[in-house]
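Listed below, chain by chain, are the residues.
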Amino acid sequence: MSAALPTSGREWHLVARPHGWPKAEDFALREVPVAAPGEGRVLVRNLHFSVDPYMRGRMNDVKSYTPPFKLDHPMDGGAVGEVIASNADGFAVGDHVLHGLGWREYADVPAKHAVKVDPSLAPLSAYLGVLGMTGLTAYAGLFDVASFKPGDAVFVSGAAGAVGSQVGQMARIKGASRVIGSAGSDEKVKLLVEEYGFDAAFNYKNGPVADQLREAAPDGIDVYFDNVGGEHLEAAISSLNLHGRVTVCGMIAQYNATEPTPGPRNLALVIGKRLRIQGMLVGDHADLQPQFVQEVAGWLASGELKYNETFVEGIENGFEAFLGLLRGENTGKMIVSLA
């Protein structure tokens, strides 16, 4: 055990189910007592936690692949921090760990749910993004779910986000014939082409997605990595070549919708083109983790793979960071930093 521990810390609670866009009054930042960890547990001072689009779905009281957040309880999500007290074999004070109890300053974590991470291999925040769940999502979704092969033309929506930016670069590194991305601002479009090496990119706010995609990919596309849904999915179905594959990773365009959103009007094309459309959850691909870390760490070291992070400082700004993410104000991974 360590010396003087904090007696209290702050954590974000969900206090009402948002209807449409989340509002400040749906959340509360509360001070709670902090105690020494019980047997088999460690107390972690969080340094960074992740806010992610999937968390919006967990704020609704609906049955889904992951249970909804409970009202008047702390929310959770990916976090990295430093062990400040340990009552578990294999963990010492000063160790850095990745765990699932974010949205709070201090986390009492079961040791079996904590993974040691090495701050000398990469900055700690990278374990929430490029070397963490978002990176594995990109890797598994492109190579496993979409069965990417060299020579494929790949289209990514939400391409300047944490997952999308990695998908496009991984496709380029592995020999895509063409990589196209869409994003929500001209600055992000410039970033995709100039920094991430996309062959073409467009701002979906500048005109119909189908027209802009056709212009960017005159020979069609073989793989579509969907982070957005809606108009983007419809446009991709039109541009997909014979035996094209779609990985459906997210549908951020409809997360805050209060009415059912219309599906693509051209789904009949799936038949003639023999398209494959498959949803994915990163948890199904844990077996790829060792291969993923080894390969991606190599690409990071060689400079072939670049990544961006958007930091919001201070736990008191956690809700604003989440709202900013839903509005597309982040470039790359959105992280709340408590350091």
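Residues numbered from 1 in each chain as written. Predicted model: local features only at pLDDT ≥ 70, side-chain atom pairs only at ≥ 80, totals over all residues. Heavy atoms only, no water.

(A) Layout of the layout of surface pockets. Volume-wise, the second largest pocket comes out at about 160 Å³. Lining the second largest pocket are 13 residues; nearest its centre among them are Glu11, Pro33, Val34, Tyr106 and Asp108. Split by residue class, the lining of the second largest pocket holds seven nonpolar, one polar and five charged. (1 Å grid on protein atoms, 1.4 Å probe; cavity = no way out; pocket = protein on both sides within 12 Å on 5 of 7 lines; lining within 4 Å. Points joined across faces, edges and corners; volume = space filled by probe spheres on them. Nonpolar A, V, L, I, M, F, W, Y, C, P; charged D, E, K, R; others polar.)

(B) Molecular detail of the pattern of salt bridges. Counted according to the given criterion, the structure contains 14 salt bridges. Across the pair Glu234 and Arg265 runs a salt bridge whose closest N-O atoms are separated by 2.6 Å. Note that Glu234 is positioned in helix H6 (residues 231–239) and Arg265 in the loop between strand E12 (240–248) and helix H7 (269–272), a separation of 31 residues in sequence. For Glu234, a relative accessible area of 19% corresponds to the buried category. A network of salt bridges, in which partner residues are shared, links Arg10, Glu105 and Glu316. (Salt bridge = Lys/Arg side-chain N within 4 Å of Asp/Glu carboxyl O. Helix = DSSP H or I, 4+ residues; strand = E, 2+ residues; numbered from the N terminus. Buried < 20%, exposed > 50% of the residue type's maximum accessible area, 1.4 Å probe, protein only.)

(C) Seen up close, the packing of aromatic side chains. Per the counting criterion, the structure on display carries eight aromatic pairs. Ring geometry for Tyr139 versus Phe143: centroids 5.1 Å apart, planes at 75°, classification edge-to-face. In this pair, Tyr139 and Phe143 both sit in helix H2 (residues 133–145), four residues apart, roughly one turn of the helix. Within the aromatic cluster, the residues linked to one another by ring pairs are Tyr139, Phe143, Phe148 and Phe292. (Phe/Tyr/Trp six-rings, centres within 6.5 Å; stacked < 30°, edge-to-face > 60°.)

(D) Here's a closer look at the UniProt feature "domain: Enoyl reductase (ER)" (unreviewed entry) in the chain. Listed under "domain: Enoyl reductase (ER)" (unreviewed entry) in the UniProt record, and renumbered for this structure, are residues 23–336. Between the C-alpha atoms that bound residues 23–336 the distance is 18 Å, and the span itself is 27% helix and 25% strand. (UniProt positions renumbered as here; feature names shortened; annotations may be inferred.)

(E) Inspection of the nonpolar core at higher detail. Counting residues in each nonpolar core, the largest one holds 42 residues, and the members touching the most others are Leu142, Val154 and Val296. When residues of this core are traced back to their parent elements, those giving at least two are H2, strand E8 (153–156), helix H3 (162–173), strand E9 (178–183), helix H4 (186–194), strand E11 (221–226) and helix H8 (289–302). Of all the elements, H2 adds the most residues to this core, at six residues. Membership of the second largest hydrophobic core comes to 22 residues, among which are Phe27, Phe69, Leu326 and Met334. (Core = buried A, V, L, I, M, F, W, Y, C linked by side-chain atoms within 4.5 Å.)

(F) Here's a closer look at H6. In terms of burial, H6 is largely enclosed, as seven of its nine residues are buried. Considered for burial, the residues of H6 that qualify are His232, Leu233, Glu234, Ala235, Ala236, Ile237 and Ser239.

(G) Local environment of the pairing of E12. Where E11 lies against E12, five bridges are found, and the strand directions are parallel. By the bridge assignment, Ile221 is partnered in E12 with Leu240. Running through H6, the crossover from E11 to the neighbouring parallel element E12 is right-handed. Bridge count between E12 and strand E13 (residues 276–279): four bridges; the pairing is parallel. Bridge pairing in E13 links Arg245 to Arg276. (Pairing = 2+ DSSP bridges. Right-handed = clockwise from strand over helix to strand, strands pointing away.)

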